[in-house]
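# Coordinate analysis (summary)
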Amino acid sequence: MHHPLRAHICATGSYIPPRQVSNDDLSKQVDTSDAWIKQRTGIKTRFLVDPSQGVRGTVDMAQQAAQAALNNSNIDPKSLDMIIVGTVTPDQRMPSAACLLQHRLGATRASAFDVSAACCGSLYSLAIANSFITQGTCKRILVVGSETMSCLLDWSDRNTCVLFGDGAAAAILEPSNSPNGGFHQMKLYSDGSLHPLLHVKQGGKLQMQGQELYRAAVPTLVQAVEALLQEADLQPQQIARFIPHQANIRIIESIAKRLDVPMERFAINLDRFANTSSASLLLAWDQTCQENQLQPGDWVLFWAIGAGLTWAAGLYRV
Ligand code: ACO
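Residues numbered from 1 in each chain as written. Predicted model: local features only at pLDDT ≥ 70, side-chain atom pairs only at ≥ 80, totals over all residues. Heavy atoms only, no water.

## Some thoughts on the overall build of the protein
Helix and strand counts for the protein come out as ten helices and 13 strands. For the protein, whose C-alpha radius of gyration is 18 Å, the value lies close to the compact-globule estimate of 20 Å for 318 residues. Projected onto its principal axes, the C-alpha coordinates of the protein cover approximately 65 × 45 × 35 Å. Within the span of the protein, comprising 318 residues, buried residues form 55% of the whole. (Helix = DSSP H or I, 4+ residues; strand = E, 2+ residues; numbered from the N terminus. Rg over C-alpha atoms; globule rule 2.2 N^0.38 Å. Buried < 20%, exposed > 50% of the residue type's maximum accessible area, 1.4 Å probe, protein only.)

## Considerations on the sheet that holds strand β1 (residues 7-15)
Ordered in space as β1-β7-β6-β4-β5, the five strands form an open sheet in which the pairing is mixed. Every other strand in the sheet has two partners, leaving β1 and β5 (111-115) as the edge strands with one partner each. Across the sheet, the mean angle separating the axes of adjacent strands is 20 degrees when strand polarity is ignored. As defined by bridge partners, strand β4 (residues 82-86) adjoins β5 across five bridges and the pair is classed as parallel. Opposite Val 85, over in β5, you have Asp 114 as the bridge partner. Across the face of the sheet, helix α3 (residues 58-73) comes into contact with β1, β6 (141-147) and β7 (167-175) while running at roughly 125 degrees to β1. Strands β4, β5 and β6 of the sheet are contacted by helix α4 (residues 97-105), whose axis makes an angle of about 130 degrees with β4. (Pairing = 2+ DSSP bridges. Axes fitted to C-alpha atoms, helices over the stretch in contact; angles between N-to-C directions. Contact = heavy atoms within 4.5 Å.)

## So, the environment of Phe 273
Mapped onto the elements of the fold, Phe 273 is located in helix α9 (residues 270-273). Taking the relative accessible area as the measure of exposure, Phe 273 reaches 9% and is therefore buried. Along the chain, Phe 273 and Lys 44 lie 229 residues apart, while their C-alpha atoms are 8.1 Å from each other. Those residues in contact with Phe 273 that lie beyond four places of it in its chain are Ile 16, Thr 45, Arg 46, Phe 47, Gly 165 and Leu 283.

## Looking at the nonpolar core
Of all hydrophobic cores here, the largest spans 49 residues; its most connected members are Ile 239, Phe 242, Ile 255, Leu 301 and Trp 303. The set of elements that each furnish at least two residues to this core consists of α7 (210-232), β11 (239-244), α8 (249-259), β12 (299-306) and β13 (310-317). Tallying contributions element by element places α7 first for this core, with ten residues. Among the nonpolar cores identified, the runner-up in size contains 37 residues, and Cys 120, Ala 127, Ala 284 and Ala 304 belong to it. (Core = buried A, V, L, I, M, F, W, Y, C linked by side-chain atoms within 4.5 Å.)

## A few points about the site of the ligand
Surrounding the ligand, one finds 22 residues, the nearest of these being Thr 32, Arg 40, Gln 211, His 245 and Asn 248. One of the side-chain nitrogen or oxygen atoms of Gln 211 is found 2.5 Å away from an oxygen atom of the ligand. Here an oxygen atom of the ligand and a side-chain polar atom of Asn 275 are 3.3 Å apart. Compared with its free state, where it exposes 1000 Å², the ligand has 76% of that area covered by protein. (Near = heavy atom within 4 Å. Polar contact = N/O pair within 3.5 Å; in protein donor to acceptor, adjacent residues only side chain to side chain. Areas by Shrake-Rupley, 256 points an atom, 1.4 Å probe, with all protein chains shown as cover.)

## Re the side chain of Thr 58
Looking at the secondary structure, you find Thr 58 in helix α3. Relative accessible area serves as the criterion here: at 0%, Thr 58 is assigned to the buried category. Apart from residues no more than four positions distant in its own chain, Thr 58 is found in contact with Thr 87, Thr 89, Asp 91, Ala 97, Ser 146, Glu 147 and Thr 148.

## Focus on the sheet that holds β11
Here four strands make up an open sheet; going across it, the order is β8-β13-β12-β11 and the pairing mixed. Here the strands that pair on one side only, and so sit at the sheet edges, are β8 (182-190) and β11. Ignoring which end each strand starts from, the neighbouring axes of this sheet average 15 degrees apart. By the bridge criterion, five bridges tie β11 to β12 in an arrangement that is parallel. Within the sheet, the bridge partner assigned to Ile 239 lies in β12 and is Trp 299.

## Considerations on α4
Three or more residues of α4 are buried, namely Ala 97, Ala 98, Leu 101, Gln 102 and Leu 105. All buried residues of α4 lie within an arc of 135 degrees about the axis, which places them on one face of the element. At its buried positions, α4 is contacted by α3, β4, β5 and β6. Immediately beyond the C-terminal end of α4, within one or two residues, lies Gly 106, with a positive phi of roughly 70 degrees. (Arc of directions from axis to C-beta.)

## A word on the packing of aromatic side chains
By the definition in use, this model includes ten aromatic pairs. A ring pair is formed by Phe 183 and Tyr 316, whose centres lie 4.7 Å apart and whose planes are at 65 degrees; its orientation type is edge-to-face. Taken together, the residues span a long stretch of sequence, with Phe 183 in strand β8 and Tyr 316 in strand β13 at a distance of 133 residues. Both residues of the pair, Phe 183 and Tyr 316, count as buried. For the pair Trp 285 and Tyr 316, a centre-to-centre distance of 5.6 Å together with 75 degrees between the ring planes defines the contact as edge-to-face. With a gap of 31 residues between them, Trp 285 in helix α10 (residues 279-290) and Tyr 316 in strand β13 connect regions that are remote in the sequence. Each member of the pair, Trp 285 together with Tyr 316, is buried. Taken together, the ring pairs in this structure connect Phe 183, Trp 285, Phe 302 and Tyr 316 into an aromatic cluster. (Phe/Tyr/Trp six-rings, centres within 6.5 Å; stacked < 30°, edge-to-face > 60°.)

Pasting the structure below:
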């Protein structure tokens, strides 16, 4: 029977660097406290790269996450048609993290490039991979979100240094062989007029207007999610699992409330990993897959928002 070509995720993997930093550790560096950080953000710890332990940056972490996804699925890297890395912290200005990763993996047939969409990097990359697969141009694409946020932070600025962590996660996409499984609607948005809310100037450190960003994020995401659900003729309650970008638990709780969906439906990792930018959503998806919580036919909704502003929502069926 003929059915539309969809891309599904056939394998996942992730990598979290070894150095765990608690809120109490940070309170020795800046004027903050475990109670403040937990209450305002939900974050308890974050993990950071540690060159003395052999993990230096974005490509190292991307390689570990990608290798885990390849190993989990017994996929030969030479069979990859494309590698897309969502990152705003590439190790080098050029070439891309994706090209360095391609070489490390020995994925000699793959084209490779990075996507710069901040915390939306991996959802934008999934959408790009999805279109190459649904067009029939590629059969197997590796998508990685990998971020060394620690290199962008001003470690004396308590407004920002408590919020982020390092990490990487990967997903491999292939044409789905079930009629309805895989990505359905995906919607990408940007509004460059909001660039002052979160930015890193050339050679500088991350700067953020936290409250304005918070106020922009909630209605923007609710609107995007509602538009997506309406197009698919679904109610929020029909979504088995929400995979949100992990910036702040209060943003996720506000959206859950507006959609009238219980928090148990949400994958959460920001308590342990903080905001890992483009890695966060794929880390949450990898965790969900490992926990084996989903049944064939279940609906999953991904969303992300980040500097740009960029935001996106995607509907996926297991
Ligand atoms: N510890 C203790 N006090 C702090 C800290 C800290 N780490 N950071 C700020 N404060 C102080 C401020 O200086 C301020 O003090 P003042 O009242 O004396 O001026 C007070 O706490 C309140 O600051 P607000 O900024 O009003 O605190 P708010 O409740 O808005 O929480 C936060 C700040 C957590 C940044 C929140 O605005 C937020 O989460 N915004 C969204 C931003 C975000 O998630 N960014 C991530 C990247 S973007 C993305 O992924 C969507």
